[in-house]
Amino acid sequence: MELDICLTLEKFFTDNPRLSSLFTNTCDLQNINNTIKSTNCTPKETQGLYILTISKNNIDYIVKLGSFAESQGMYKRIMSFGGGNYETGSATNKWFQKFIKKAIEKGYTSKFTYYNNNQEKIKVENIDGDKIEITPYVIRPLETELFKK
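Note that the coordinates shown come from a computational prediction; the quantities given were computed from them, not determined experimentally.

When helices and strands are tallied, the chain shows five helices and seven strands. Helices and strands appear in the chain in the N-to-C order α-α-β-β-β-β-α-α-β-β-β-α. Its C-alpha atoms give the chain principal-axis dimensions of roughly 60 × 40 × 25 Å. The 149 residues of the chain split such that 39% are buried. Taking as baseline every contact in the chain between residues at least 6 positions apart, the subset at least 24 positions apart corresponds to 65%. Per element, the accessible surface of the chain, about 9,000 Å² overall, is 49% carbon and sulfur.

What follows is the structure, encoded as structure tokens:
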């Protein structure tokens, strides 16, 4: 079955072979108590990039690209999408909850395929003149590169 409206993950990786070697982690999604969650995502606080797909007949269709901050990692990013079930939730989180629930109702499965960008810390001087270590947040320019591909 071809949707003819979404790029397949296989085609994306065929056209960008280096990315297939980076995006090696997955988190499967399920509707649990009317909230989309993952039961197999490993908590790890690192920044990175993700590709959200829905799948039918073993074909993964890309529906969203994005990034996550080092302070949350992929696990906490998925948890933050749960805010879309509330009045105050962001538009992105609301879209995510509605879309994935509907896809699952229609017999699709869904997952995040993602890349953990293990960024080295750097030393900087704080406002008191003390040396501290921080992890630079460098994922936004990489997210832009992902969109361009």
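We now examine the environment of Glu 45. Of note, Glu 45 is situated in the loop between β2 (35-37) and β3 (47-56). Assessed through its relative accessible area of 54%, Glu 45 is described here as exposed. Along the chain, Glu 45 and Tyr 75 lie 30 residues apart, while their C-alpha atoms are 8.5 Å from each other. With residues up to four places along the chain from it excluded, the contact list for Glu 45 reads Glu 70, Ser 71, Gly 73 and Lys 76. A distance of 2.8 Å separates a polar atom in the side chain of Glu 45 from a polar atom in the side chain of Lys 76.

Turning next to the state of the cysteines. As enumerated under the stated definition, the model contains one disulfide in all. Disulfide pairing places Cys 27 opposite Cys 41 at an S-S distance of 2.1 Å. Between Cys 27 and Cys 41 the disulfide shows an S-S torsion of about 55°. By sign, it is right-handed. With Cys 27 in strand β1 (residues 25-32) and Cys 41 in the loop between β2 and β3, this pair connects stretches of sequence that are 14 residues apart. By the burial criterion, Cys 27 is buried, and Cys 41 matches it.

As a further point, take helix α4 (residues 91-105). In a regular helix each residue adds 1.5 Å, so 15 residues correspond to 21 Å; α4 covers 21 Å between its end C-alpha atoms and thus fits that length. Among all positions in α4, only Asn 93, Phe 96, Gln 97, Ile 100, Lys 101 and Ala 103 are buried. For α4, the angular spread of the buried residues around the axis is 160°, confining them to a single face. Turned more than 90 degrees away from the buried face of α4, the exposed residues are Ala 91, Lys 98 and Glu 105. Positive phi shows up at Gly 107, right after α4, with a value of about 90°.

One open sheet accounts for five strands, arranged β2-β1-β5-β3-β4; its pairing is antiparallel. The two strands at the open ends of the sheet, each matched to only one other strand, are β2 and β4 (59-68). Looking at each pair of strands side by side, their axes are set apart by 25° on average, direction ignored. Where β1 meets β2, three bridges bridge the pair, whose relative direction is antiparallel. Directly across from Asn 31, in β2, lies its bridge partner Ile 36. The sheet contacts of α4 involve β1, β2, β3, β4 and β5 (109-117), and relative to β2 the element is tilted by about 85°.

What follows deals with the environment of Leu 146. Turning to its location among the elements, Leu 146 is positioned in helix α5 (residues 139-148). Sequence-distant contacts of Leu 146, defined by excluding residues within four places in its chain, comprise Phe 12, Leu 19, Phe 23, Leu 49, Tyr 50 and Leu 65.

Basis of the calculations
Residues numbered from 1 in each chain as written. Predicted model: local features only at pLDDT ≥ 70, side-chain atom pairs only at ≥ 80, totals over all residues. Heavy atoms only, no water. Helix = DSSP H or I, 4+ residues; strand = E, 2+ residues; numbered from the N terminus. Buried < 20%, exposed > 50% of the residue type's maximum accessible area, 1.4 Å probe, protein only. Contact = heavy atoms within 4.5 Å. Areas by Shrake-Rupley, 256 points an atom, 1.4 Å probe, with all protein chains shown as cover. Polar contact = N/O pair within 3.5 Å; in protein donor to acceptor, adjacent residues only side chain to side chain. Disulfide = S-S within 2.5 Å. Expected span 1.5 Å × (residues − 1). Arc of directions from axis to C-beta. Pairing = 2+ DSSP bridges. Axes fitted to C-alpha atoms, helices over the stretch in contact; angles between N-to-C directions.

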